[in-house]
Number of protein chains: 4
Amino acid sequence: MTTSSIGLKPVRQIAAHELVLDQMRRSMETGQFSPGDRLPSERELAEILSVSRTVVRAAIAILEREGRILVRRGRGGGFIVQAPTYNSTETRRMMRQNREGVRDAFDYRVIVEGAASRLAAERRRTADLAELRELLTSMEAALLASFEEQTPMKVVEFQRLDSAFHLGVARAARNPSLYDAVEDARRKMWLPVGSVFGRLEKNANDRHGDVLAAIESQNGDLAEATMEAHINDTRSTLEAWLQR
Amino acid sequence: MTTSSIGLKPVRQIAAHELVLDQMRRSMETGQFSPGDRLPSERELAEILSVSRTVVRAAIAILEREGRILVRRGRGGGFIVQAPTYNSTETRRMMRQNREGVRDAFDYRVIVEGAASRLAAERRRTADLAELRELLTSMEAALLASFEEQTPMKVVEFQRLDSAFHLGVARAARNPSLYDAVEDARRKMWLPVGSVFGRLEKNANDRHGDVLAAIESQNGDLAEATMEAHINDTRSTLEAWLQR
Amino acid sequence: MTTSSIGLKPVRQIAAHELVLDQMRRSMETGQFSPGDRLPSERELAEILSVSRTVVRAAIAILEREGRILVRRGRGGGFIVQAPTYNSTETRRMMRQNREGVRDAFDYRVIVEGAASRLAAERRRTADLAELRELLTSMEAALLASFEEQTPMKVVEFQRLDSAFHLGVARAARNPSLYDAVEDARRKMWLPVGSVFGRLEKNANDRHGDVLAAIESQNGDLAEATMEAHINDTRSTLEAWLQR
Amino acid sequence: MTTSSIGLKPVRQIAAHELVLDQMRRSMETGQFSPGDRLPSERELAEILSVSRTVVRAAIAILEREGRILVRRGRGGGFIVQAPTYNSTETRRMMRQNREGVRDAFDYRVIVEGAASRLAAERRRTADLAELRELLTSMEAALLASFEEQTPMKVVEFQRLDSAFHLGVARAARNPSLYDAVEDARRKMWLPVGSVFGRLEKNANDRHGDVLAAIESQNGDLAEATMEAHINDTRSTLEAWLQR
DNA sequence: GTGGTCTAGACCACA
DNA sequence: GTGGTCTAGACCACT
């Protein structure tokens, strides 16, 4: 697709700090860190990512400039994750200009997450079920709370729990490549969409429940179909929103 | 899966010449270049890959040391692709030690190539069909020739045509992420397996024909099923060979 | 003046790369390097400034961002000094808003350069005279050339030679503090003025000649008076220009 | 002078606590604090100097080690300024080894303070005169008291008043650069000389009176000459003392 | 041989 | 114990 007729495409050496940046963005976008959380310290990040502090700093500097994190100095300081400043109007405009990309991203999600769901149904262990059920409960509670308080559930909290569930399913499928593909697919779709779904998918959890039930019953076909339906629901919601 | 609980995994910066090396290996492995062929000149490669000649030289030097290419100097010289020296026994030993990896790779192929086949059936255009049919014919001819001459079809030629067909299907699916995933999946599986299939899959083309027919008939379910069957056949063949 | 009643004022730790930046700006502004010149290499600069390359790079990065230098990579590369983009109108506007600062800067120049000229007259050695005379000749030649060719002498070339002469006088005064003061004074005045004087002070060299003659004759009073007159001429020229 | 031919000299980054140390030494040396006085609290100093307490502590620790201040703990404690333990013999030896530096420092003082005095004569306002006259009176009284009591006027008190007068003149000159230069010049000369002048310049005030008179009469030439004479007197006194 | 990047370690200022 | 900065040295890619 991107290769020349000769099968060689330009290589681009990626600086270490860009790789680190990717990692950090990704872990924030998939909700591993929520606003207000403190990232690990520079030294820890360097350790985890097996790079030098210099490289971590380069990435951090960019995130700070973007306003994604706040740097606090001194003892007790650190890097504080900031809420991303989503801009619905802007997002909508961008997505409208990229209809095809959105469609492709969803198609891809349907494929890899559907397959993951099927495999999860076939391979899930008790521990997987327990984990997924717990995530379901957390989300239920969070949604409930957000309704009662009349305060919409925070977008990022939703994102975090949603991602956790989908990635949990992918993990239960026990195929590393597939897991990576799911992560990748979510990432591709998620980035500009965060603003939208926090307010729209109040009933997302019902679908999650269906998926979990199918996985529990070890019915691969059903698990796949349910997951596909869930993702296509999301797609419809998004497209309706884009039409408005 | 490979990520820590915190979603961060070590980054590894890849030297430009390694990326180039990857590209070149890949294009030789997928048969873009056959033994005896001359690679583009250093300058051309540098241009195509958008790196400096230094980097190309570094990659070339490694390939030469490995015996994958022969460097001929002077006028009329260049880089001549050598036949890879596959070692069946070694390959078999390695794959036996990595049963799980092999299984995962095939599972992943089934998923992404199956999906690609389905989408291709739904979205294929006339030009796609023409292209795929041509590839089919070429392979037919090549196989026939190789039988008549009683010389086994050259491994790399088979590889080249096989890859071209599968990637052609993926291209017809018109989803960039999926195409990349297919490429990635083939790459994961292909590398050590080249030695095996040149001699075993004499009837591979029948399956290809079935896939193409399904795609042509725009029957998504059938296309998916046929592709899955084809890949699972390959899997069986490989596993039988590993048992021996 | 700037101290509190208690004699303590806030301290500001100056980062090494800022100090380096100052040094480099200063040496470019006083014409040590002209547009098109290549700065010493990173490694040499680090050596000369006795800092690490990292620090040099930090300063260089800022200069590059400002467009003051151009970075060329590879063998034969380096940092190429760019012509500063003076903007007469802008300069005039700024200077009009800072009349007092301009007056103070000239007053200060008159004091320190006048004193330097006097001391130079009293202390000059043969070598000093030779050096100053040579600078005079160079400037003469440069001015002449610029007239004959009908191309105005390049601003920076003028700056360079002018600075060299004045600093040469200060050096002949043999008082380190005074030399620093002269450098400082010129720096304070010079920065935004470069654009103006290249075209206006065509006869600057006559004054320089007078100063040199007074120094040569060891007449301190005359040397001081001549230098003061020269600087006040410049001041008048500038103020006339500001009036326009 | 100190620059290489290329106009770049080594940079030295100065630690914040050294800057603080400088400030504190300076304010004690110019008599802002007299022996027995209590410095502001650590917190206040940190505030005034806009650094953290850590830095203040580092500076304080050094001053304590040198015996310049006494640290008293607990309620009513604080940092108590101690009388500097000047050592005439030592000072004399050091200055003899640095004859040239002393000469340069005085030359520089003559230049900048002479010019400051001239400008002050030309620009002084009534308030300036009042301030200077008051300082004169204070010094008169202090000197008188010290004679009557047969106790030599405390060195630091002299220093304080002397500095105040000279800086007052510089302030009246209304040129910030020049004021800084005067401060700088005094600082360069003052540091090692404190021990000497407390006992020697009993008649310093007469000169101050002359300077003030000249400034008052708006006679720039006279004001400059008087100040120069005063400084050169001091120089003579010092040189005589060094000869002994 | 140039600039570009990274590493490992250190010291500092901050809170 | 945190981030901020610097050092010294290395390897790499570029031209």
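Structural notes, computed from the coordinates. What you see is a predicted model; the values in this text were computed from it and never measured.

When its secondary structure is counted, chain A shows eleven helices and two strands. Along chain A, helices (α) and strands (β) appear in the sequence α-α-α-β-β-α-α-α-α-α-α-α-α when read from the amino end. Of all 244 residues assigned to chain A, the portion counted as buried reaches 40%. A separation threshold of at least 6 residues defines the contact pool for chain A, and within that pool the share at least 24 residues apart is 74%.

All names here are of chain B. Pairing of strand β1 (residues 69–72) with strand β2 (residues 78–81) involves four bridges; the strand directions are antiparallel. Across the sheet, the residue bridging to Leu 70 is Ile 80, located in β2. Counting the residues between successive antiparallel strands, the hairpin from β1 to β2 contains five residues, one of them, Gly 74, with a positive phi of roughly 75 degrees.

Here the focus is the relation of the copies chain A and chain B. For the pair chain A and chain B, the superposition axis carries a translation of 0.7 Å, the fit reaches an RMSD of 0.7 Å, and the rotation angle comes to 180 degrees. Taken together, the rotation angle and the small translation identify this as a two-fold axis. Within chain A, the C-alpha atom positioned nearest to the axis of rotation is that of Ile 14 of chain A, 3.3 Å from it. Here 97% of the interface residues in chain A have copies in chain B that are interface residues too; the copies meet face to matching face.

For DNA strand F, the set of nearby residues contains 37 residues, the closest of which are Arg 75 of chain A, Ser 52 of chain B together with Ala 16, Gly 74 and Arg 75 of chain C. If you list the elements that add at least two residues to the surface near DNA strand F, you get α2 (42–49), α3 (53–65) and β2 (78–81) of chain A, α1 (16–29) and α3 (53–65) of chain B together with α1 (16–29) and α3 (53–65) of chain C.

Once that is clear, we can look at the protein's contact with DNA strand E. Near DNA strand E, the surroundings consist of 36 residues, among which Ala 16, Gly 74 and Arg 75 of chain A, Arg 75 of chain C together with Ser 52 of chain D are the closest. Among the elements of the structure, α1 (16–29) and α3 of chain A, α2 (42–49), α3 and β2 (78–81) of chain C together with α1 (16–29) and α3 (53–65) of chain D are those that each provide at least two residues to the surface near DNA strand E. Ranked by residues supplied to the surface near DNA strand E, first place goes to α3 of chain A with four residues. Classifying every residue of the surface near DNA strand E gives twelve nonpolar, 15 polar and nine charged.

Glancing now at α3 of chain C. All names here are of chain C. Given a rise of 1.5 Å per residue, 13 residues ought to cover 18 Å, and the 18 Å separating the end C-alpha atoms of α3 matches this to within 8%. Among the residues of α3, those classed as buried are Val 55, Val 56, Ala 59, Ile 60 and Leu 63. One face of α3 carries all of its buried residues, which in axial projection span an arc of 135 degrees. Pointing more than 90 degrees away from the buried face of α3 are the exposed residues Thr 54 and Arg 65.

Turning our attention to the environment of Asn 219 of chain D. All names here are of chain D. With respect to the element layout, Asn 219 can be found in the loop between α10 (204–216) and α11 (220–243). Given 16 C-beta atoms within a 10 Å radius, Asn 219 is considered partly exposed. Through-space distance from the C-alpha of Asn 219 to that of Met 95 is 36 Å; in sequence the pair is 124 residues apart. Residues within four places of Asn 219 in sequence aside, it is in contact with Ala 121 and Ala 214.

Packed against the buried residues of α3 of chain B are α1, α2 (42–49), β1 and β2 of chain B. Immediately beyond the C-terminal end of α3 of chain B, within one or two residues, lies Gly 67 of chain B, with a positive phi of roughly 80 degrees.

Between chain A and chain B, the contact holds 36 residues from the first and 36 residues from the second. If you list the elements that add at least two residues to the side of chain A that touches chain B, you get α1, α2, α5 (99–123) and α8 (176–190) of chain A. Here the side of chain A that touches chain B takes seven residues from α8 of chain A, the largest share from any one element. Of the residues that constitute the side of chain A that touches chain B, the class distribution is 20 nonpolar, ten polar and six charged.

Right, let's get into unusual backbone geometry. Its identity as a non-glycine residue notwithstanding, Ser 50 of chain A has a phi of 50 degrees, on the positive side. Checked against the element boundaries, Ser 50 of chain A lands in the loop between α2 and α3. When the 12 C-beta atoms within 10 Å are taken as the criterion, Ser 50 of chain A is described as exposed. In this structure, Arg 174 of chain C takes a positive phi of about 55 degrees despite not being glycine. One can find Arg 174 of chain C in the loop between α7 (155–172) and α8 (176–190). Of the residues examined, Arg 174 of chain C has 20 C-beta atoms within 10 Å and is grouped as buried.

What follows deals with the interface of chain C and chain D. Listed per partner, the contact involves 35 residues of chain C and 36 residues of chain D. For the side of chain C that touches chain D, the secondary structure elements donating two or more residues are α1, α2, α5 (99–123) and α8 of chain C. Considering each element in turn, the side of chain C that touches chain D owes the most residues, seven residues, to α8 of chain C. Its residues assigned to classes, the side of chain C that touches chain D comprises 20 nonpolar, ten polar and five charged.

So, on to the nonpolar core. In this structure, Ala 116, Val 169 and Leu 178 of chain A together with Ala 116, Val 169 and Leu 178 of chain B are the most contacted members of the largest nonpolar core, which totals 74 residues. Once residues lying within four places of it in the same chain are set aside, the contact partners of Ala 116 of chain B are Val 169, Ala 170, Ala 173, Leu 178 and Val 182 of chain B. Within the second largest apolar cluster, 72 residues are counted, among which are Leu 135 and Ala 223 of chain C together with Met 139 and Leu 178 of chain D.

Residue and element names in this part refer to chain B. Contact geometry of α1 with α3 gives a least axis separation of 8 Å together with a crossing angle of 55 degrees. Our classification of the angle between α1 and α3 gives oblique. Viewed along their axes, α1 and α3 form a crossing whose handedness is right-handed. From α1, Ala 16, His 17, Val 20, Leu 21 and Met 24 reach across to α3, where they touch Val 55, Val 56, Ala 58, Ala 59, Ile 62 and Leu 63. Here the contact of α1 with α3 is composed, by residue class, of ten nonpolar, one polar and no charged.

Time to look at the environment of Thr 226 of chain D. Residue and element names in this part refer to chain D. Within the secondary structure, Thr 226 is located in helix α11. Residue classification places Thr 226 among the buried positions, given that 24 C-beta atoms sit within 10 Å. Not counting chain neighbours up to four residues away, the residues in contact with Thr 226 comprise Ser 117, Asp 210, Val 211 and Ala 214.

Residues and elements named next belong to chain B. Between α2 and α3, whose axes approach to 9 Å, the crossing angle comes to 110 degrees. Relative to α3, α2 is oriented roughly perpendicular. Of the two elements, α2 crosses α3, and the hand of that crossing is right-handed. Residues Glu 42, Arg 43, Leu 45, Ala 46 and Leu 49 of α2 form the contact with α3, whose own contacting residues are Arg 53, Val 56 and Arg 57.

With that settled, the discussion passes to the relation of the copies chain C and chain D. Superposing chain C onto chain D requires a rotation of 180 degrees together with a translation of 0.5 Å along the rotation axis, leaving an RMSD of 0.7 Å. Looking at the interface residues of chain C, 97% of them are also at the interface in chain D, so both copies use one shared face.

All names here are of chain D. Topologically, His 230 is positioned in helix α11. Residue classification places His 230 among the buried residues on the basis of 22 C-beta atoms within 10 Å. Discounting chain neighbours no more than four positions away, the residues touching His 230 are Arg 207 and Val 211.

Calculation criteria
Residues numbered from 1 in each chain as written. Chains lettered and ligands numbered in written order. Predicted model: local features only at pLDDT ≥ 70, side-chain atom pairs only at ≥ 80, totals over all residues. Helix = DSSP H or I, 4+ residues; strand = E, 2+ residues; numbered from the N terminus. Buried ≥ 20, exposed ≤ 12 C-beta atoms within 10 Å, placed from the backbone. Contact = placed C-beta atoms within 7 Å. Pairing = 2+ DSSP bridges. Least-squares fit on C-alpha atoms with pLDDT ≥ 70 in both. Near = placed C-beta within 6 Å. Nonpolar A, V, L, I, M, F, W, Y, C, P; charged D, E, K, R; others polar. Expected span 1.5 Å × (residues − 1). Arc of directions from axis to C-beta. Core = buried A, V, L, I, M, F, W, Y, C linked by C-beta atoms within 7 Å. Axes fitted to C-alpha atoms, helices over the stretch in contact; angles between N-to-C directions. Parallel < 35°, antiparallel > 145°, perpendicular 65-115°, else oblique. Left-handed = near helix turned anticlockwise from the far one by under 90°.

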